[in-house]
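Listed here are the chains, written in short residue letters.
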Amino acid sequence: MARLVCIALATACMAVAAPAIASEPTFATTFVSGVTPRGAAGSDGGVDVRGGRYLRVTASGSVALGYGACPRATGPQGCAAAFSPARSAPASPTGALVAAFINASGVLVSSWATVGEAAYVAIPPGAARVLFRVNGSTGREFGAFHVVADVVNERAGRAVQGVSASSVSPSATRHTQPVMRAVATGGLSSRADVQHLLRRYGFSDTPANVTAVYRAGAGTWLAQQLNPSAIDDSALAAYMEPMPLAGTSPQTMNGYDDYRTILERRIIQREVASKRQLLEKMTLHWLEHFAVSEDKVNSAPAMIHYEETLRTDALGNFKTLVSDVSVEPAMLLWLDNNNNDGSHVATSPPNENFSRELMQLYVLGTTQLNADATPVLDGSGNPLPAYSDQDVKQVAQALTGFQRTEPYPLPLADPRTIDGVKFFPTRHAKGPFTIIGQSVTDTGDPTIVGKVVGVLANNSATAPFEVKELLQRFVTESPSPGYVARMVAVWNANVDAPDQLAKVMQAIASDPEFYADKQSVVKEPIEYTIDAIRELNGAQAVPITATMRTPYNSVHSVLSGMQEQHWYPPSVFSFYRPGEKESLLTNSLLLTRWGEAVALSNRATLTTLCANCDVNIDFTTLQALAGGTSAAAVTGYLMDALVDGGTPELSALVQNYLGANGTTNIKGAVWLVLTSPEYEVN
Amino acid sequence: MLFSRRRFLCGATASAMSMPLFMRALEADAATDTILVTILQDGGCDGFNTVVPLGQYGKYSDLRTVPGGGSLAVLQTDIATAGTAFDANYLTPASQAVSYALHPKMTALRALYGQGKVAVLMGVGIPPADPSRTSHEVGKFDWATGSINKLGYTNIGWIGQAFDTIGGSGALPPSASVNYQSPIVLHGRKNSPLVIGGDLSNFTLPCGSGGADCATRVGALNSNDTFPSPANPGEFARALSSATAGFVGVVQQYAVAAPGADYPSTVGSSIKSQLKQIARLIVAGAPTRAYYASQGGYDTHSAQDSAGHHPDLVGELSDAMAQFYTYLQGKGLSQRVVIMTMTDFGRRPQANSTSGTDHGTASVSFVIGDRVKGGVYGQYPNLSSLDNNGNVVIQVDFRNHISDLVTALGTDPVPIVGSSYPKLGFI
């Protein structure tokens, strides 16, 4: 359900989805301008202060924290939260109300400060919105909520949405100073919000881990994930199958599998078991964005190196990422820039494949864009192209002269030192070049890559093109132009920062619109599979042994069946176009999912773990976690783990199916959930 | 601005009684209505080596020289040996033809041409009014929608639009794709394609183990009250699941009725296998009137003539289309079927330094069928008159081509492509 909320500064109304929680706090806010705070709490001074702006907050209703409720009488500072049975209640009441202001670009212009109930808070210059949070006693966030207000030009004293007129001071005089007006409530950052965050910014998690993140605070989890190198992932190292570096031939590397299978299994293992979940999800985003198929590259060292580069640069600087990818051996081979000769451009024009896709798919897209990603139109209403065929030729010439070195002879040493790239000045077309109206100098060395990428990345179409794709992949397939524009501002403000992408991802998940559209996107097969394994506690698998490498027992075979192996996108257009994830669900692809759901649910066993499976789902443990073997307990657990509570219809279906005893037919119950429409969407 | 690809799903339940009106049979005689089979040559097929201009051979050969050594030009000796030369008059034997030649590997198609079953459309492409026509995304989108400069503004295809007017009949949607994908060209405002992939016998309900049965899963899909609104993606997944379950039984009946054991071998060829599944459905009497298949690999930026690339692809396509047509002819069904090819765009006349070609403009399209008036249509582009980007000028707007095909389906093309694109007259 959406309700229309109007922002006076904008010309359109923004639809905001109401949060899907049972009880929601109501905070009446009075925004008064030009008032000196004096007198006891609850009164206002009624005197204009030139240039000063203040915010007054009055709390009403109740605040639900954790699994309990916060009685109104104690106010926000006095919330006594009751948590789930597995955790003891805190010793003392908690819940300080804090507020911070952000400007129109979403950047904080104040620090978080405690707001006493019914007190005044000074609105700093440049503030466009205020955010509220309820903090726990140790300063960590419990179930935060957002009350978001935009600064608008409006006559003071007018009653605003959600505010009773009586709370407005009669002495507040009419004037044209901007006042705040409540425009939207992001609602309580509930446990459902946390499930949403973990599934979008990672591959989901078990109910227990979801609860743990909820208690620690979603902001804490997010801050940790944005700094992956500080996360200890040594347990994964013990788990991961090593990439064999020696073998009798490049095809068969350990006497059984060829390296392609191992390459695929390793990235699956990372997605299943790494604690650096956002890093893995981001790596997936980039490998889909720069979709490269091993089928054409046909080189183990090149693919290993490519994956490591994507992961290293995933949350870094975009220009660095694009420059690095441009000279990856895998990319040189994939788009025919390897040995692309620019020494005789008039008679022997260089191959344009990489140049064209660099612009069309990787950096700026085909059309000129406004900052909110709407297309720039000509007088007849047609979109204007972002670049011309001449630009494609110029970029193709500029990027000539690169050649990957041969990775063999065997046996292979560390592939990172063997499969390098050389630049041959004699095969490089000499600049300067003109690219979309910008002149690019050429010193006849590899620095030309950074210069070309710089021109393309600084084009006005790039930020909205890239940001919109990030939003479409991580948030909603139809992001509002306002959301795009806010994130573009963060992108642009950090265009040379080494952690530019981390900053953008932080802003995306800190925006209220991040939580506005849950269960709104079809899952791709990788998410469908990895999420299920993690949600069902399958991340606790055993290290790969030689007997586990049969195709039938591998999660790899499931992804292969569903036609989404990481390193085999069908074309440069990846597995699906941004905004068209529904194209992954056709009649036949749906039946394929149902078939692979059989394979996934078959992994479950109640007695012994699958000795030859690379990932196990131990249902005995699951039932212990479910708190019992009754149909109701197991159903409740499966609903929470797989579908965020699901729907009454699905719950009844599964519970009836399980019958009186939850232990029998559990594979079938899992299959019923995995094939449900509720599970198909993220 | 961005259109959702959710579409109304036909056959939400298997019962024909609940079919909307447009799904029911129309006045036209279903037994003789045209069945259109569309094949996408994915990636942008090089028209100049698919149909070689014997009348411009000198210029052609110059342009096809690979700088640094080698050539992409098809040799006249190979053409003579294969016997693939042809003229506008399809009755002219290959040994006497002087105008054009199919690639030497396309002998099967040349044989059909000699029977007057093939229209060769030359110089077909997207006009320069679309500045992004040399990009894959835009090229494919324009061909699928029968429009230009509309990427991001629509998701309706010209075949889908045709069936919005014509309607469908029976328990399956009016169109079907056989390559797992749901192509834009088949999407209408009021109808969506059936999407099959692989062998027809795979289109079954795989049920869970441990006792879960299909009835439980399928029965739970019938209620459309679970999700809050029709626009909700969960509702899309439910409706799709429900429709799919309904289609499975119907498709399996057709699969059993037409096992295709007498179809020629399709081993190693995806396009041959796709066309075989289409042939089986036609033989079994499926009510579907438009099919879609695709053959990938045409984006030949480098090593265009190497194994598995352009020559092998067009040879495979020629064999696939010929065996499909001949099979249906043997069943007495070729009267209804019209096969057409389309591709993102053509390629650059000048070979590049990696023995390939880059994105270009005009290409060639083939239309095959008993109803087709065999011969040459359009105009082969002038290789001496290239534009600033080294591309040929298109001779036939792709929308003219679409006009003929929409007419063949049985409706007026003007509402779809506009009034400026009269038919070429090959059907």
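Structure first, text after, so check above.
Residues numbered from 1 in each chain as written. Chains lettered and ligands numbered in written order. Predicted model: local features only at pLDDT ≥ 70, side-chain atom pairs only at ≥ 80, totals over all residues. Heavy atoms only, no water.

Visitor: What exactly am I supposed to notice about the overall build of chain B here?
Guide: Helix and strand content of chain B: twelve helices and twelve strands. Since a compact globule built from 427 residues should have a radius of gyration of about 22 Å, the 22 Å found for chain B is in line with a globular shape. Overall size of chain B, expressed as C-alpha extent along the three principal axes, is 70 × 50 × 45 Å. Across the 427 residues that make up chain B, the buried fraction comes to 62%. Sequence-distant contacts, at least 24 apart, represent 70% of the contacts inside chain B between residues at least 6 apart. Taken as a whole, chain B presents about 14,500 Å² of accessible surface, with 54% of it coming from carbon and sulfur. (Helix = DSSP H or I, 4+ residues; strand = E, 2+ residues; numbered from the N terminus. Rg over C-alpha atoms; globule rule 2.2 N^0.38 Å. Buried < 20%, exposed > 50% of the residue type's maximum accessible area, 1.4 Å probe, protein only. Contact = heavy atoms within 4.5 Å. Areas by Shrake-Rupley, 256 points an atom, 1.4 Å probe, with all protein chains shown as cover.)

Visitor: For this particular structure, what's the right way to read the sheet that holds strand S3 (residues 85–86) of chain B?
Guide: Adjacent strands of a sheet form backbone hydrogen bonds with each other and so pair up, either parallel or antiparallel. Residue and element names in this part refer to chain B. Pairing within the open sheet is antiparallel, and its three strands lie in the order S2-S4-S3. Whereas interior strands pair on both sides, the edge strands pair on one side only; in this sheet they are strand S2 (51–53) and S3. Relative to strand S4 (residues 100–102), S3 runs antiparallel, the two sharing two bridges. Across the sheet, Ala85 pairs through a bridge with Ala101, a residue of S4. (Pairing = 2+ DSSP bridges.)

Visitor: Can you help me understand the packing of helix H5 (residues 259–273) of chain A against helix H18 (residues 525–535) of chain A in this one?
Guide: Geometry of a packed helix pair, given as the angle between the helix axes and the separation of the axes. Residues and elements named next belong to chain A. Taken N-terminus to C-terminus, the directions of H5 and H18 make an angle of 50°; their axes are 9 Å apart at the nearest point. For the element pair H5 / H18, the angle class is oblique. The interaxial crossing formed by H5 with H18 has right-handed handedness. Mapping the contact onto sequence places Ile268, Glu271, Val272 and Ala273 in H5 and Ile526, Ile530, Ile533 and Arg534 in H18. Partitioned by chemical class, the residues of the contact of H5 with H18 number six nonpolar, no polar and two charged. (Axes fitted to C-alpha atoms, helices over the stretch in contact; angles between N-to-C directions. Parallel < 35°, antiparallel > 145°, perpendicular 65-115°, else oblique. Left-handed = near helix turned anticlockwise from the far one by under 90°. Nonpolar A, V, L, I, M, F, W, Y, C, P; charged D, E, K, R; others polar.)

Visitor: Looking at this structure, how should I read the pairing of strand S1 (residues 35–41) of chain B?
Guide: Sheet faces and side chains relate simply in a regular strand, where the side chains alternate between the two faces. Residue and element names in this part refer to chain B. By the criterion of burial, S1 is predominantly enclosed, with seven of the seven residues buried. With six bridges joining them, S1 and strand S8 (residues 290–295) adopt parallel strand pairing. Directly across from Val37, in S8, lies its bridge partner Tyr291.

Visitor: Help me understand the nonpolar core in this model?
Guide: Judged by nonpolar contacts, the single largest core of 144 residues is most densely connected at Tyr201(A), Phe290(A), Met331(A), Tyr362(A), Met505(A) and Ile508(A). Among the elements that line this core, the one with the most residues is helix H22 (residues 631–643) of chain A, at eight residues. Ignoring anything within four residues of it in the chain, the contact list for Tyr362(A) reads His289(A), Phe290(A), Ala291(A), Phe318(A), Met331(A), Trp334(A), Leu335(A), Phe354(A), Glu357(A) and Glu466(A). Grouped together as the second largest cluster of nonpolar side chains are 74 residues, Ile35(B), Ala286(B), Ala293(B) and Ile394(B) included. (Core = buried A, V, L, I, M, F, W, Y, C linked by side-chain atoms within 4.5 Å.)

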